[in-house]
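Below are the chains, spelled out letter by letter.
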Amino acid sequence: MNTNDGSPLPERLKQARKRKGLSQKQLGILAGMDRFAASARMNQYERGVHSPDFKTVIALSRVLEVPTAFFYCLEDELATVIMDWKTQG
């Protein structure tokens, strides 16, 4: 699994990015990261090597059009409900 502290964020981030059809670099750039560092940073976030600060999570949430709660939800079924809630609203 991930090298992080057990946070669901890496997997949820990857899931939402793929659902949106974005590369790691595209997502990073759209979230306001430097285009030269975007791919590497997103890769580290998705592997759980580093965790984004909350300001970055908010930017990623905006780009991916998912609530920030989605990234932190431990339960897969609830994460699906959260994602579906956003698409209905």
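Okay, so let's go over this structure. A quick note: this is a predicted structure, and the numbers were derived from the prediction, not measured.

## What to know about the overall build of the chain
Part 1: Scanning the chain for helices and strands turns up six helices and zero strands.
Part 2: The order of α-helices and β-strands along the chain, N terminus first, is α-α-α-α-α-α.
Part 3: Against the 2.2 N^0.38 benchmark of 12 Å for 89 residues, the chain shows a C-alpha radius of gyration of 12 Å, consistent with a compact globule.
Part 4: When each of the 89 residues of the chain is scored for burial, the buried share is 40%.
Part 5: Taking all contacts inside the chain whose residues are at least 6 apart in sequence as the whole, residues at least 24 apart take part in 51%.
Part 6: Put simply, the chain shows about 5,600 Å² of open surface, and 53% of that area lies on carbon and sulfur atoms.
Part 7: In the chain, 13 side chains carry a positive charge and 10 a negative one; their mean positions are 10 Å apart.

## Focus: a nonpolar patch on the surface
Part 1: On the surface, a cluster of nonpolar side chains totalling about 300 Å² of accessible area is made up of Phe-54, Ile-58 and Tyr-72.
Part 2: Examined against the element boundaries, Phe-54 turns out to sit in helix H4 (residues 54–64).

## Comments concerning the nonpolar core
Part 1: Counting 22 residues, the largest nonpolar core has Leu-13, Leu-27, Met-42, Leu-64, Val-66, Phe-70 and Phe-71 as its most contacted members.
Part 2: The set of elements that each furnish at least two residues to this core consists of helix H1 (9–20), helix H3 (38–47), H4, helix H5 (68–72) and helix H6 (76–88).
Part 3: With five residues, the single largest contributor to this core is H4.
Part 4: In contact with Leu-13, not counting residues within four places along its chain, are Leu-27, Met-42, Tyr-45, Glu-46, Leu-60, Leu-64 and Phe-71.

## Notes on the packing of aromatic side chains
The relation between two aromatic rings is expressed through the spacing of the ring centres and the mutual angle of the planes.
Part 1: Counted according to the given criterion, the structure contains one aromatic pair.
Part 2: Ring geometry for Phe-70 and Phe-71: centres 5.9 Å apart, planes at 65°, overall edge-to-face. Residues Phe-70 and Phe-71 agree in their burial class; the two are buried.
Part 3: A cation sits over an aromatic face here: Arg-12 above Phe-70, 5.8 Å from the ring centre.

## Things to note about the side chain of Gln-24
Part 1: Here Gln-24 shows up in helix H2 (residues 24–30).
Part 2: Residue Gln-24 is classed as buried on the basis of its relative accessible area of 17%.

## Re unusual backbone geometry
Part 1: Backbone geometry places Glu-65, a non-glycine residue, at a positive phi of 55°.
Part 2: Classification of Glu-65 as partly exposed rests on a relative accessible area of 45%.

## Concerning the pattern of salt bridges
Part 1: Counted according to the given criterion, the structure contains three salt bridges.
Part 2: The salt bridge involving Arg-12 is made with Asp-76; its shortest N-O contact spans 3.0 Å. Of this pair, Arg-12 sits in helix H1 while Asp-76 sits in helix H6; the two residues are 64 residues apart in sequence, bridging distant segments of the chain.
Part 3: Judged by its relative accessible area of 6%, Arg-12 falls in the buried class.
Part 4: According to the relative accessible area criterion, Asp-76 is exposed, its value standing at 54%.

The rules behind the values
- Residues numbered from 1 in each chain as written.
- Predicted model: local features only at pLDDT ≥ 70, side-chain atom pairs only at ≥ 80, totals over all residues.
- Heavy atoms only, no water.
- Helix = DSSP H or I, 4+ residues; strand = E, 2+ residues; numbered from the N terminus.
- Rg over C-alpha atoms; globule rule 2.2 N^0.38 Å.
- Buried < 20%, exposed > 50% of the residue type's maximum accessible area, 1.4 Å probe, protein only.
- Contact = heavy atoms within 4.5 Å.
- Areas by Shrake-Rupley, 256 points an atom, 1.4 Å probe, with all protein chains shown as cover.
- Lys, Arg positive; Asp, Glu negative; His and termini not counted.
- Charge placed at Lys NZ, Arg CZ, Asp CG, Glu CD.
- Patch = residues over 30% accessible without salt bridge, like charges linked within 9 Å, V, L, I, M, F, W, Y side chains within 5 Å.
- Salt bridge = Lys/Arg side-chain N within 4 Å of Asp/Glu carboxyl O.
- Core = buried A, V, L, I, M, F, W, Y, C linked by side-chain atoms within 4.5 Å.
- Phe/Tyr/Trp six-rings, centres within 6.5 Å; stacked < 30°, edge-to-face > 60°.
- Lys NZ or Arg CZ within 6 Å of the ring centre and 35° of its normal.

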